[in-house]
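Spelled out, the chains give:
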Amino acid sequence: MGTFKIEGGHQLKGKIQPQGAKNEALQILCAVLLTPELVTINNIPDIVDVNKLISLLKKLGVKVEKLGIGSYSFKADNVNLKYLESDQFKIDGRGLRGSIMIVGPLLGRFGKGYIPKPGGDKIGRRRLDTHFEGLIKLGAKFRYSREDQFYGVEADKLKGTYMLLEEASVTGTANILMAAVLAEGQTTIYNAACEPYLQQLCKMLNRMGAKISGVGSNMLIIDGVEHLGGTEHRMLPDMIEIGSWIGLAAMTKSELTITNVSWDDLGLIPETFRKLGITVEKQGDDIHIPAHTDGYEIQSFIDGSILTISDAPWPGFTPDLLSIILVVATQARGSVLIHQKMFESRLFFVDKLIDMGAKIILCDPHRATVIGHDFKSTLKATTMTSPDIRAGVSLLIAALSAKGTSTIQNIEQIDRGYEHIDVRLRAIGARIERI
């Protein structure tokens, strides 16, 4: 189990480039299964979860060639469907949450898709009902082995239909969409997710020959086509990493420039950090964070009541950044209520922050009240373990702002979502060592 050793309390300075978006990559990579033709994808992040999915595609028989840093070509012209029923697939598929999204394209193109119950972060239950209910409505027959925890869907021919999703699931929408593009007739997906990464998937599929309208809205209309062709695609920068660097700059009183952030796709992220009193400046397509030497002050609601920041489906604030917001609030002037609606275990890392001296009241599994220190009392260094990707980076930010030397264990969790994070942080002055 790897460990980071972090000497905190130092200001950072410089420019940092966000990696390609992890959550987009997991969708886009699965979409290569929809065509036998060549698909080239650029700006792929070099992170554990994405590399696991690329390895899974190779085992499925997809020809994968690395063209350069972050650039790969894929050709799924000889897919090995027998691998899907092998014992090895049951092991490989469980190691990655995003593997669920191979089911839709496999079903759409080959009439069958299988997956073991996927793994991923231990942040609470993430049901697969939306995925399979949508595929069943397209005409698939569903089966599940409770003993093996193995799911399967099969269909001679998918047929378009109208469906109203129970939840605006991003991965669920992507899975259903990738099946529907090759279905017979028209499919309408209402209450669809509309995140920028899902929009990116729609645009890529349309370039491949799909007919998808309503892109960016919560109603997607798909006219099925018989086949899709190849394309080239470039992924957006990772908005979660961008938010992480904003929080890092504020907590360490550092002047940082985050380059090439694709401002138009950041939604409420800049404004939410501004509500914590952080100056977020737009400089072309870059974000500039000046050194907050005098700290930052949390806004109140217009009636004077305590600010509440909560997550919501896009265009609401992304749940993946609530843990960053919570950490940043520990050194603000004022108080804020953090309401994590989607996952019941994601706030359980706050006990580690309390050990470091933060003033946090965990109200229940979904809500925490943070009373900021205003930098009058710095966080204290400690030894801790990363429970999941986002909490791990939040603890890393806390450690970089703390007085003394901290250690973070189980950093493999952080590596699942952040590309060479220690190397990139050292480039802007962080004192961090991988041991």
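Here goes a summary of the coordinates provided.

Each value, and the rule that gives it
Residues numbered from 1 in each chain as written. Predicted model: local features only at pLDDT ≥ 70, side-chain atom pairs only at ≥ 80, totals over all residues. Heavy atoms only, no water. Patch = residues over 30% accessible without salt bridge, like charges linked within 9 Å, V, L, I, M, F, W, Y side chains within 5 Å. Areas by Shrake-Rupley, 256 points an atom, 1.4 Å probe, with all protein chains shown as cover. Salt bridge = Lys/Arg side-chain N within 4 Å of Asp/Glu carboxyl O. Helix = DSSP H or I, 4+ residues; strand = E, 2+ residues; numbered from the N terminus. Buried < 20%, exposed > 50% of the residue type's maximum accessible area, 1.4 Å probe, protein only. Contact = heavy atoms within 4.5 Å. Core = buried A, V, L, I, M, F, W, Y, C linked by side-chain atoms within 4.5 Å. Pairing = 2+ DSSP bridges. Axes fitted to C-alpha atoms, helices over the stretch in contact; angles between N-to-C directions.

All right, on to a nonpolar patch on the surface then. On the surface, Tyr-162, Leu-164, Tyr-190 and Met-219 cluster together into a nonpolar patch covering about 380 Å² of accessible area. Its place among the elements puts Met-219 in strand β12 (residues 219-223).

Right, let's talk about the pattern of salt bridges for a bit. Oppositely charged side chains are able to pair whenever their charged atoms sit close together. The final tally for this structure, using the stated rule, is 18 salt bridges. Between Arg-274 and Glu-271 there is a salt bridge, with its nearest N and O atoms 3.5 Å apart. Residue Arg-274 and its partner Glu-271 are located together in helix α9 (residues 269-275), separated by three residues, close to a single helical turn. You can call Glu-271 partly exposed: its relative accessible area is 36%. When the shortest N-O distance is used, the salt bridge between Arg-434 and Asp-422 registers 3.1 Å.

In this section: the environment of Met-384. Within the secondary structure, Met-384 is located in strand β21 (residues 383-385). Look at Met-384 and you get buried, because its relative accessible area is 4%. With residues up to four places along the chain from it excluded, the contact list for Met-384 reads Lys-352, Met-356, Leu-395, Ala-399, Ser-406, Thr-407, Ile-408 and Gln-409.

Below, the discussion takes up the nonpolar core. Grouped together as the largest cluster of nonpolar side chains are 77 residues, with contacts concentrated most on Ile-246, Ile-278, Ile-287, Leu-326, Leu-353, Ile-408 and Leu-425. Leaving out residues up to four positions away in the same chain, Ile-408 has contacts with Gly-2, Thr-3, Phe-4, Ile-6, Met-384, Ser-386, Gly-392, Leu-395, Leu-396, Ala-399 and Ile-414. Counting 72 residues, the second-largest nonpolar core is a separate cluster that includes Leu-33, Phe-150, Leu-158 and Leu-165.

Right, let's get into the environment of Arg-234. Structurally, Arg-234 can be placed in strand β13 (residues 231-234). Along the chain, Arg-234 and Thr-40 lie 194 residues apart, while their C-alpha atoms are 8.5 Å from each other.

Ordered by their spatial adjacency, four strands build an open sheet running β9-β10-β12-β11, and the pairing between neighbours is mixed. Each edge of the sheet is formed by a strand with only one pairing partner; in this case those strands are β9 (162-164) and β11 (211-213). Direction aside, the axes of adjacent strands within the sheet are offset by 15 degrees on average. Examined bridge by bridge, β9 and strand β10 (residues 186-190) share three bridges and lie parallel to one another. Across the sheet, residue Leu-164 finds its bridge partner in β10, namely Tyr-190. In the packing of helix α7 (residues 196-207) onto the sheet, the strands contacted are β11 and β12, and the crossing angle to β11 comes to about 145 degrees.

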